[in-house]
Amino acid sequence: MKKDQIRLLESNGFQSVLSSIVSIIIGLIFGVLLILVVGLLDSNLGIESAWEGIRLVFAGLFSTGRDAFGTLTWGFNSINMGNMLFRATPLIMTGLSVAFAYKTGLFNIGAPGQYLMGTMASLMIALGIPSDKVHPVIIWILAFLGAMAAGAIWGAIPGLFKALLNTNEVIACIMTNWIAANLVTWLFDISPFKNVTESTKSGYIYKTSFNNVATTKLGLDKVFPGSQVNGGIVIAILIAVLVYILMSKTTFGFELRACGSNKDAAKYAGLKDKRDIVISMAIAGALSAAGAALYYLAGNTELYWSTYQSLPAIGFNGIPVAMLALTNPIGVIFSALFMSMLNIIGLQITSLTAYNEYITDVIIAAIVYLSAFALLIKQIISRRIARKKGGSK
Amino acid sequence: MSFLIQQTLVYALPLMIVALAGVFAERSGIINLALEGIMIFGAFCGVLFVNTMQDTSWVYGAYMQDRYGTLQLLVVLAMFVAGLLGAIFSLLLSFASINLRANQTIGGTALNLLAPALVLFLIRILEGQNTLFLAKGDAAEWFMIKKSMFGYSAEESMGFLGDTFIHKTYLSNYVCILVFVLLSIILYKTKFGLRVRSCGENPHAADSLGINVKKMRYAGTTISGALAGMGGFVYALTTANCSSNGDVAGFGFLALAVMIFGNWKPLSIAGASLLFGFFKCLAAGYSSIDINGDGIYMLRELGISAHLYRMLPYLITLIVLAFTSKNSRAPKAEGIPYDKGQR
């Protein structure tokens, strides 16, 4: 019994999970402290509202608003739950994208650009093929695959620059991000897909449901009534499992990881490191773009098309998702769910207190900061465990 | 033409100073991916400082009585404040990457996430909206240098040089240039600069000669933080009407590109940022640029889409990078935590 315990404590996976949990706890404490300090300093807020803010940080997912007396009420909130799953869907994909590239030794900060290209391809295909001639399910599949192809091409560009011309992939990715932002704006500007029927909406593209294309709900809308959830979350989880199998159980995945951990050794062993860089970036791009497709093909989301001044936050948030998961594809599912939970909590905080949603972004940043020395935390944990083991002998 | 030069400088100078920030960090061996975040933080601190000072009788009185010197002093003070707080903010990165030997890319990313979140959190609580504006008036009215300050009337011209480099400029431009030149000299012509650079090339050799690698790396990243914070405020002052909204439009990342494109050398960086600034200026004002002064707006009449102009700076940087990357030489030890045991 005791031996089993020690084996579990010594296992690498367990220590990784533990170090992530430690990061999360410290991050949350930091957020709580910030709320307290601001609450005490700002006379408009005070300790009362700080206490409300703190409770929401931990349990905002189960918040159901305020009762007639103005006190916070708690319980199962199907809208919060369902929206958490819906918002986690693209985050899982961009997180996978960053994690996948990271395993092969590349820092994919190009996820926002790839996400934008996926957005454009999926929307243009979903709105461009008339649904009275082609079955909507086929249009959906085409749009999803088209998005992945667009993302793969966009991801392959910095890959090619890196492999052939020795360009730093971080810089190439940043440039392709902004090029994508301008290109997507340009193409939507001259496209016939701008929403002109609803006069209250200016600057938006039609929802895909305008062309009867929408992701299947898989009955999830019955479980979480009132929320945006759909079958996309199932697809995202399936893809995460596939990526895990690809990375850990196939020769190809091993090759990519070998290139990531030591490029020269991989080259010496006869692996084609340059080809692997390009393929890895293309897959990473396809994953990000698939996230965009799952988000915008939902049928109840719409795109503000003039995107050239800013990059989609979901793309950048793939980085913290991947880092919190220590780049493990299965871990990405959980860290994406955690991040989207924080996101929902942020909205609750904004609507119920004088604080705002950015507090959860601060917490996320603190967690990422701590995960930068996850290795150090892991070492401390394993040293502790080793000492305990020595003591028990 | 004057307009073209002025606008180019407006975009080029923050880039130049922030790219130099990147050089100081990387030359000491630390990859500073957090330039964007530090800029955002610096911009916020500088704007908040100006915003608060505007209400004091010292500054408001100066504004009412046209005491321009005081207002210009305020600009310089705000640059200093932004630099100081940027430096303090960057200590987060130094601590993680030097003392804890953390992954510098992730540490920098964390700062990039933290800065906008923290800034927006505070702005929303202070202002009840997402942007912190000046307390009174706008930046041009308060801080822009105009020919009327030198006794010229509206019709008189200051000559080409005066119209280009004095009229309708900000003092921050010249402070930036001065700081850029001074620090470039320090990095290349002083013992301190040599020591910093040695820690980015071969920290083990530096250590064996009695140079304190940790200290030098702290110096490098802290100077980097100060420059980036200052650059952030200059960006906010000159292109965003001295407001802060948790965003600097990716300028921190562009500065990184400029740094690599300039091959980690100050002079090439100055050239690279001017090139980039020029294209950025074309994108912003191509429809109102009259190159040779004949009243014909040639660029607008070409009929090229505005979207293409906006894309150009990035496209050109990417293409130039493609040609120059083969010969680019990053500091050898950048990004590698220093480990005495590996000597």
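Since this is a predicted model, take the numbers as computed values, not measurements. (Residues numbered from 1 in each chain as written. Chains lettered and ligands numbered in written order. Predicted model: local features only at pLDDT ≥ 70, side-chain atom pairs only at ≥ 80, totals over all residues. Heavy atoms only, no water.)

(A) Just the interface of chain B and chain A, in detail. Taken together, the contact pairs 43 residues of chain B with 47 residues of chain A. Here chain B packs against chain A, burying approximately 4,100 Å² in sum over the two surfaces, 78% of which is carbon and sulfur. At the junction of chain B and chain A, the tally comes to 1 salt bridge. For the pair chain B and chain A, the number of links is 7 residue pairs in polar contact (both at pLDDT 80 or more). Within the residue set of the side of chain B that touches chain A, elements represented by two or more residues are helix 4 (68-99), helix 5 (104-127), helix 12 (251-261) and helix 15 (306-324) of chain B. For the side of chain B that touches chain A, the element with the most residues is helix 5 of chain B, which contributes 15 residues. (Contact = heavy atoms within 4.5 Å. Buried area = accessible area lost by both parts, 1.4 Å probe. Salt bridge = Lys/Arg side-chain N within 4 Å of Asp/Glu carboxyl O. Polar contact = N/O pair within 3.5 Å; in protein donor to acceptor, adjacent residues only side chain to side chain. Helix = DSSP H or I, 4+ residues; strand = E, 2+ residues; numbered from the N terminus.)

(B) Layout of the packing of helix 7 (residues 169-189) of chain A against helix 15 of chain B. Two elements in contact, helix 7 of chain A and helix 15 of chain B, have axes whose closest approach is 9 Å; the angle formed by their N-to-C orientations is 155°. Here helix 7 of chain A is positioned roughly antiparallel relative to helix 15 of chain B, judged by the angle of their axes. Crossing geometry of helix 7 of chain A relative to helix 15 of chain B is assigned as left-handed. Judged by residue contacts, Ile 171, Ala 172, Met 175, Thr 176, Trp 178, Ile 179, Asn 182, Leu 183, Thr 185, Trp 186 and Asp 189 of chain A of helix 7 of chain A engage His 307, Leu 308, Arg 310, Met 311, Tyr 314, Leu 315, Thr 317, Leu 318 and Leu 321 of chain B from helix 15 of chain B. The residue inventory of the contact of helix 7 of chain A with helix 15 of chain B, partitioned by class, reads 13 nonpolar, 5 polar and 2 charged. (Axes fitted to C-alpha atoms, helices over the stretch in contact; angles between N-to-C directions. Parallel < 35°, antiparallel > 145°, perpendicular 65-115°, else oblique. Left-handed = near helix turned anticlockwise from the far one by under 90°. Nonpolar A, V, L, I, M, F, W, Y, C, P; charged D, E, K, R; others polar.)

(C) Highlighting a nonpolar patch on the surface. All names here are of chain B. Taken together, the side chains of Met 1, Phe 150, Tyr 152, Phe 160, Leu 161, Phe 165, Ile 166, Tyr 174, Ile 177, Val 181 and Ile 185 define a hydrophobic patch exposed on the protein surface, amounting to about 980 Å² of accessible area. Elements supplying a minimum of two residues to the nonpolar patch: helix 7 (159-165) and helix 8 (171-189). With 4 residues, the top contributor of residues to the nonpolar patch is helix 8. Among the structural elements, Val 181 can be located in helix 8. (Patch = residues over 30% accessible without salt bridge, like charges linked within 9 Å, V, L, I, M, F, W, Y side chains within 5 Å. Areas by Shrake-Rupley, 256 points an atom, 1.4 Å probe, with all protein chains shown as cover.)

(D) Examining the domain arrangement of chain A more closely. Residue and element names in this part refer to chain A. Taken domain by domain, chain A consists of domain 1 (2-76 + 376-392) and domain 2 (78-337). When each unit is reduced to the centre of its C-alpha atoms, the spacing between domain 1 and domain 2 is 30 Å. Across the contact, 9 residues belong to domain 1 and 7 residues belong to domain 2. Across the domain 1/domain 2 interface, buried area totals approximately 660 Å², and carbon plus sulfur atoms make up 72% of it. Considering only the surface of domain 1 that becomes buried against domain 2, Ser 20, Leu 61 and Phe 76 emerge as the three largest contributors, covering 69% of it. (Domains from an automatic or database assignment.)

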